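Structural features, examined
The chain contents come next:
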Amino acid sequence: MTRYALFALFAVLAVLAPFQIYPILLMTILCFVVFASSFNLLLGYAGLLCFGHAMFFGTAAYLSGWMLKHTALSIELCFILAALAMAALGWLVGLISARRGGIQFAMITLAISQFVYFLLLRAPFTGGEDGLQRIPRSALFGVFDVSSNVALYFVVLVFSVLAIALFYRIVHSPFGEVLRAIRDNEDRVESLGFQPERFKILALTLSAGLAGLAGAMKAAVFQIATLHDLSFHVSGTIIFMTLLGGLGTMTGPMVGAALIVLLNDELAQFGEWALIIQGTVFLAVILFFRKGVVGEIKARFWKPAKS
Amino acid sequence: MSTPTDYALEARGLTKSFGGFHAVKDVNLKVRRGAIHALIGPNGAGKTTCFNLLTKTLTPTSGQVLLDGQDITGLRSAQVARLGLVRSFQISATFPHLTCLENIRVALQSSQGTAFRFWRSLGSIKALNEPARALLAQVGLAGQEDTLATELSYGKKRALEIATTLALDPKVMLLDEPTAGMGHEDIAPITDLIRAVSAGRTILIVEHNLSVVSSLCERITVLQHGEVLTEGTYDEVSNDPEVITAYMGGVDDE
C-alpha cells in the first residue's frame, strides 16, 4: 500500500515539478536516470563493466539530432529510431565482446567506443569539432508543438517512465533471473546447459537501446550534440553515478544520477573547483559509503524490518 | 561381450598435456549405468583434470568421451548438460545473491525455453515454483525458499547445489569432491543425500574421503601420475599393494 502511495506522490511531484524547477535541469536528470539504469542493467545485473557506455549515449544524440534537423520525422520517432539503432550497435559490440568477462570486456568496450569516437569525428554529418547545433524540437506525432521546455519535459518524462518500466521488467523477468545467475557464477550457468554469451549479448543489446534513448532525448533537450557526449568523460561519469547511488540496487544508480546532475548544477558557479569538490565526494563515498547512498540506507534501515 | 551402451559414460585413451607434461595420460574409464563410481588417487594424480575433461570444461589433447555410446568429445559443456551429463564443482557453485528458490528455478528454466523472455514477468514462470520447492524439500532445504544462498551454511550450500543439479534430471551426475572442506557433522547427511538421489542415475564422484567412497561406491578407479593404476571394488582396491604404495609412498614422489 505504501508503495502505491509512494508512486502517487512521485507522479504528483513529477507533474508539478517543471512549474517550480527549471525544466532543462529536470530533463537532464531524467536523461541521466535512464542512462544510469541502462548501465546498471549491465554492471549490477549481468556483472559486465562497460567502459565505453557513452558511445551509445553520444551516437544516439547525433542520430536523433540529425534526424530532427534534416528529416520530417516526428520527435518520438526520432527517439525510438535512435534507440533501436543503438540496440543494434549494442548487439554488434556484444558479438565481439561477450565471450570475455571482467577487465577484458571493459577494455574491448573502451576500444570500440574510441573507434566510434573517431569515426564520428571524421563523419561528414556530425559537424566535426562543432557538433550538431540548433537541433529543432520537431512536433510530437507531427502535430503537437513541444518546442517549449515544459511541453518537452512531459515527452521526456513519459519516455523515461517507459524506459524505467522496461528496465524493471527486464530485471524481474525469467531472462533477468538467468542474467543475475550469470553475474554470480557464469561457469555454473554454462554447466546447467545455457550459453552465457547469448544472454550477455541480449543484455548489452537492451542496455545499449536504453542508453540510446537517453542520448536521443538529451539531444532534443539541449538542442546540441557534440563529441563530448561520447567521450570517456561521460563513460566515467556514469560509472561514478552508479557507484555513488549503489550498485546492485534498482534505484541506487537513478538516485546517483540525480545527485550528480544536481551537484554539477550547484557547483557550476565555482568553476574549476567543481572538479575538486566532485573528486572529494567520490573519495568520501568510496571510503565511507561503499554500498552507495541507497545501498547504505537499505543495509542500515531495511534489513531489521525484513528479518 | 557387453554392448557399449551398458556404460553410461566412457573415456577412451583420454590424454591431456600441458606443454610437455601429461596431466592425464591414456585414461580408459567405463562407468556402468546406474552405478556410483569413484575416481580416487593421491594429490596431483590428475583427478580434477580428468573430471574437467569428462565434463568438457577442458578439451582433451587426444582421446574420446562417450555418453551413452555417443561421442561427445567435440561438444561444449552447455550442450553436454542438455544431453544429460551435469557436473558439480569442487567449490560450492551456487548463485550467492539469488534466493534458494531462484537458484533452482534458473536450472529448471534450462529445459523450458523461457530464459530469453525479458518482456515477461516472473509470474510467467510460476509453474516452476512447485517443482523447485519439491527439490528443495528433497535435499532438506524446505522453508529456506527465500534465503539467499550466501547465507546458507557450507553443508547446506552443497545440498542446494545438488538440488540445482537434480533440477536438470541428469542421467549422469559428476560430483567433484562433494565433501571437500566439510566438517564431520555435514558429511553423513551429504553421503545419504547422494545415495538417495542416485536412484535411476549414474554417478561419477571424485573424492578424497575414503570412508565416503567405501560406503557409497560400487566401483573405484585409482589414478596415479595421470594414469589408471587399477580398478575394482573397494575391497579389491584397498588391498592392492600398488595402491597402498601410491598412497603411503606418494609423499616421496611428489
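So, here's what we can say about the structure. As the structure is a computational prediction, the values presented were derived from the model and not from experiment. (Residues numbered from 1 in each chain as written. Chains lettered and ligands numbered in written order. Predicted model: local features only at pLDDT ≥ 70, side-chain atom pairs only at ≥ 80, totals over all residues. Heavy atoms only, no water.)

1. Structural notes on the overall build of chain A
Rules: For helices the rule is a DSSP run of H or I covering at least 4 residues; for strands it is a run of E covering at least 2, with both sets numbered from the N terminus onward. Throughout, radius of gyration means the C-alpha value; the globule benchmark is 2.2 Å times the number of residues raised to the power 0.38. Buried, partly exposed and exposed residues are distinguished by accessible area as a fraction of the type maximum, computed with a 1.4 Å probe on protein chains only: under 20%, between the cut-offs, and over 50%, respectively. Every residue pair with non-hydrogen atoms within 4.5 Å of one another is taken to be in contact. What sets the accessible areas is the Shrake-Rupley method with a 1.4 Å probe; for residues, cover comes only from the shown protein chains.
The number of helices and strands found in chain A is 13 helices and zero strands. The N-to-C order of helical and strand elements in chain A reads α-α-α-α-α-α-α-α-α-α-α-α-α. Its C-alpha atoms give chain A a radius of gyration of 19 Å, within 12% of the compact-globule value 19 Å for 307 residues. With the principal axes as the frame, chain A shows a C-alpha extent of 50 × 40 × 40 Å. Within chain A, the proportion of its 307 residues that are buried is 55%. A separation of at least 24 residues holds for 76% of the contacts in chain A among residues at least 6 apart in sequence. For chain A, the exposed surface amounts to about 14200 Å²; the carbon and sulfur share of it is 70%.

2. Some remarks on the interface of chain A and chain B
Quick note on the threshold: Note on definitions: buried area is the accessible-area loss of two parts on being combined, 1.4 Å probe, summed for both. One side-chain nitrogen of Lys or Arg within 4 Å of one carboxyl oxygen of Asp or Glu is enough to make a salt bridge. Here a polar contact is recorded for every N or O atom pair within 3.5 Å, except that within protein the pair must consist of a potential hydrogen donor and a potential acceptor, and residues adjacent in sequence are included only if both atoms are side-chain atoms. In this count, Pro and Cys sit with the nonpolar residues alongside Ala, Val, Leu, Ile, Met, Phe, Trp and Tyr, while Asp, Glu, Lys and Arg are called charged and the others, Gly among them, polar.
Counting from both sides, the interface comprises 29 residues of chain A and, opposite them, 37 residues of chain B. Regarding the contact of chain A and chain B, the summed buried area is about 2900 Å², with carbon and sulfur atoms giving 59% of it. Where chain A touches chain B, the interface holds four salt bridges. The closest approach of N and O atoms between B:Arg76 and A:Glu190, which form a salt bridge, is 3.0 Å. Run the count over chain A and chain B and you get 16 residue pairs in polar contact (both at pLDDT 80 or more). Going through the elements one at a time, helix H6 (149–171), helix H7 (174–184), helix H8 (186–191) and helix H9 (196–222) of chain A are the ones with two or more residues in the side of chain A that touches chain B. The leading source of residues in the side of chain A that touches chain B is H7(A), at eight residues. A class-by-class count of the residues in the side of chain A that touches chain B yields 11 nonpolar, six polar and 12 charged.

3. Remarks on the environment of A:Glu197
Following the sequence through the fold, A:Glu197 ends up in helix H9. Its relative accessible area of 13% is what places A:Glu197 among the buried residues. Contacts of A:Glu197, omitting those with residues within four sequence positions, involve A:Ala98, A:Arg99 and B:Arg76. A polar side-chain atom of A:Glu197 sits 3.0 Å from a polar atom in the side chain of B:Arg76.

4. What to know about the packing of aromatic side chains
So the rule is basically this: A pair of aromatic rings is counted whenever rings of Phe, Tyr or Trp (Trp by its six-membered ring) have centres within 6.5 Å, and the orientation is called stacked for planes under 30 degrees apart, edge-to-face for over 60 and tilted otherwise.
The full count for this structure, using the stated rule, is 16 aromatic pairs over all chains. Residues A:Phe35 and A:Phe57 carry aromatic rings whose centres are separated by 4.5 Å and whose planes lie at 15° to one another, so their mutual orientation is stacked. With A:Phe35 in helix H2 (residues 23–43) and A:Phe57 in helix H3 (residues 54–70), the pair connects residues that are 22 residues apart, well separated along the chain. Pairwise contacts between aromatic rings join A:Phe175, A:Phe194, A:Phe199, B:Phe116, B:Phe118 and B:Trp119 into one cluster.

5. Regarding the pattern of salt bridges
Per the counting criterion, the structure on display carries 15 salt bridges over all chains. Between B:Glu102 and A:Arg180 there is a salt bridge, with its nearest N and O atoms 3.0 Å apart. On the criterion of chain membership, the pair formed by B:Glu102 in helix H3 (residues 100–109) and A:Arg180 in helix H7 is interchain, its members lying in two chains. A:Glu197 is paired through a salt bridge with B:Arg76; the nearest N and O atoms lie 3.0 Å apart. Pair noted here: A:Glu197 is in helix H9 and B:Arg76 is in the loop between strand E5 (70–71) and helix H2 (77–82), and the two residues belong to different chains. With a relative accessible area of 26%, B:Arg76 lands in the partly exposed category. By sharing partners, the salt bridges in this structure join A:Arg99, A:Glu190, A:Glu197 and B:Arg76 into a single network.

6. Description of the state of the cysteines
For the record, the criterion: In this description, a disulfide is simply a cysteine sulfur pair whose atoms lie within 2.5 Å.
In total, this model carries zero disulfides over all chains according to the counting rule given. Cysteine B:Cys50 remains unbridged, with the sulfur of B:Cys217 as its closest cysteine sulfur at 15 Å.

7. Some points on the environment of A:Gly212
All names here are of chain A. Here Gly 212 shows up in helix H9. Measuring from C-alpha to C-alpha, the distance between Gly 212 and Met 86 comes to 5.4 Å, with 126 residues separating the pair along the chain. Setting aside its immediate chain neighbours within four residues, Gly 212 contacts Phe 56, Ala 60, Ala 83 and Met 86.

8. A short note on unusual backbone geometry
Positive phi, normally seen in glycine, also occurs at A:Gln223, with a value near 60°. The class of A:Gln223 is partly exposed, set by a relative accessible area of 32%. A positive phi angle is found at B:Asp68, which is not glycine, with a value near 55°. Checked against the element boundaries, B:Asp68 lands in the loop between strand E4 (62–67) and E5.

9. Concerning the side chain of B:Lys47
All names here are of chain B. Quick note on the threshold: All tallies of charge rest on Lys and Arg as positive and Asp and Glu as negative; His and the ends of each chain are not included.
Examined against the element boundaries, Lys 47 turns out to sit in helix H1 (residues 47–54). Here Lys 47 occupies a buried position and makes no salt bridge, while the nearest side chain of opposite charge, Glu 177, is found at 5.1 Å. One polar contact links the side chain of Lys 47 to the main-chain carbonyl oxygen of Pro 42, over a distance of 3.4 Å. The contact partners of Lys 47, leaving out residues within four places of it in the chain, are Leu 39, Ile 40, Gly 41, Pro 42, Glu 177, Val 206, His 208 and Leu 223.

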